[in-house]
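# Architecture and fold: a report
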Amino acid sequence: MKQDIDYFNGMTNEDLHQRFMQKLYSKTEFIQYNDPDDFFDPEQEYGNHITQCIAEERNFIRELIRTASSEAGTVLTERQIEEMVQKKREEINQLTGSAIEDYIEKVSVTYIDPLPKCGQKYLILQWLYSSCKYLKSLFK
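Sequence positions are assigned chain by chain, starting from 1 and proceeding in written order. Under the rules for a predicted model, residues below a pLDDT of 70 receive no local features and side-chain atom pairs below 80 are neither given nor counted, while totals for whole chains, interfaces and linings still include all residues. Computation of side-chain values: all heavy atoms of the structure, hydrogens and water removed.

## Quick look at the nonpolar core
Note the following rule: Among buried residues, those of type Ala, Val, Leu, Ile, Met, Phe, Trp, Tyr and Cys that are joined through side-chain atoms within 4.5 Å constitute a nonpolar core. Buried means the residue's accessible area, taken with a 1.4 Å probe over protein chains only, is under 20% of the maximum for its type, while exposed means over 50%, and partly exposed covers the values in between. For helices the rule is a DSSP run of H or I covering at least 4 residues; for strands it is a run of E covering at least 2, with both sets numbered from the N terminus onward. It only takes one pair of heavy atoms within 4.5 Å for two residues to be counted as in contact.
If you look at the biggest cluster of nonpolar residues, it comprises 13 residues, and the most contacted ones within it are Tyr-7, Phe-8, Ile-61, Ile-65 and Leu-76. Where this core is concerned, the elements lending two or more residues are helix H2 (44-72) and helix H3 (78-96). Those residues in contact with Phe-8 that lie beyond four places of it in its chain are Ile-61, Leu-64, Ile-65 and Lys-88. By size, the runner-up hydrophobic cluster in this structure holds 10 residues, among which are Leu-24, Phe-30, Tyr-46 and Ala-99.

## Quick word on the packing of aromatic side chains
Keep this limit in mind: When the centres of two rings from Phe, Tyr and Trp lie within 6.5 Å, Trp using its six-membered ring, the rings pair. Their planes under 30 degrees apart give stacked, over 60 give edge-to-face, and anything left gives tilted. Over a ring means this: the NZ of a Lys or the CZ of an Arg is within 6 Å of the ring centre and within 35 degrees of the ring normal.
All told, the structure shown has two aromatic pairs when counted by the stated rule. Aromatic side chains Tyr-25 and Tyr-103 sit 5.1 Å apart centroid to centroid with 85° between the ring planes, which places their arrangement in the edge-to-face category. Taken together, the positions of Tyr-25 in the loop between helix H1 (13-24) and strand S1 (29-33) and Tyr-103 in helix H4 (residues 99-106) put the pair 78 residues apart, joining distant regions of the chain. The class of Tyr-25 is partly exposed, set by a relative accessible area of 29%. With centroids separated by 6.4 Å and ring planes inclined at 55°, the aromatic side chains of Phe-30 and Tyr-46 adopt a geometry described as tilted. Of this pair, Phe-30 sits in strand S1 while Tyr-46 sits in helix H2, placing them 16 residues apart in sequence. Lying across the ring of Phe-60, Arg-19 places its NZ or CZ 3.6 Å from the centre. The ring of Phe-8 is capped by Lys-88, whose NZ or CZ atom sits 4.2 Å from the centre of that ring.

## Looking at the packing of H2 against H3
Which entries qualify depends on this criterion: As a rule, the C-alpha atoms of each element are fitted with a line to give its axis, helices using only the stretch in contact, and angles between N-to-C directions run from 0 to 180 degrees. Should an angle lie under 35 degrees it is considered roughly parallel, over 145 roughly antiparallel, and from 65 to 115 roughly perpendicular; all remaining angles are considered oblique. The crossing is said to be left-handed when, going from far helix to near helix, the turn is anticlockwise and less than a right angle, and right-handed when the turn is clockwise.
Where H2 contacts H3, the axes come no closer than 10 Å and their chain directions differ by 125°. Our classification of the angle between H2 and H3 gives oblique. Helix-helix and strand crossings are classified by hand; for H2 and H3 the assignment is right-handed. Within the contact between the two elements, H2 uses Ile-54, Glu-57, Arg-58, Ile-61, Arg-62, Ile-65 and Arg-66 and H3 uses Glu-78, Ile-81, Glu-82, Met-84, Val-85, Gln-86, Lys-88, Arg-89 and Ile-92.

Below, the structure written as structure tokens:
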């Protein structure tokens, strides 16, 4: 009975892949604000975007399955739904190939230092903040 139901509302793997790519490429310019005293991870901004797009895709697939099973009067456990989502993601990943790497090469990241140290109104607070961060790093 499970095979008779179209859990993806007629959407093919290619359709789901195109939807993911459209969402991924919806943002290609990132602004990264960083404190010069902080360790900076250049993948932080676009890495978050990629992770968000993957999570949104998983949620979309999950909702397609839930809606179709509900309309068909079929009860699926969360485990069954997650297995179906995982299987569909694996099928879509075969289409993706190096699409994420290609995306990463096309993004641009602008790095902005919010305020130079000497321009701080409250220099003592900045010094205390830096000192606390240094002390915390000693105990990690």
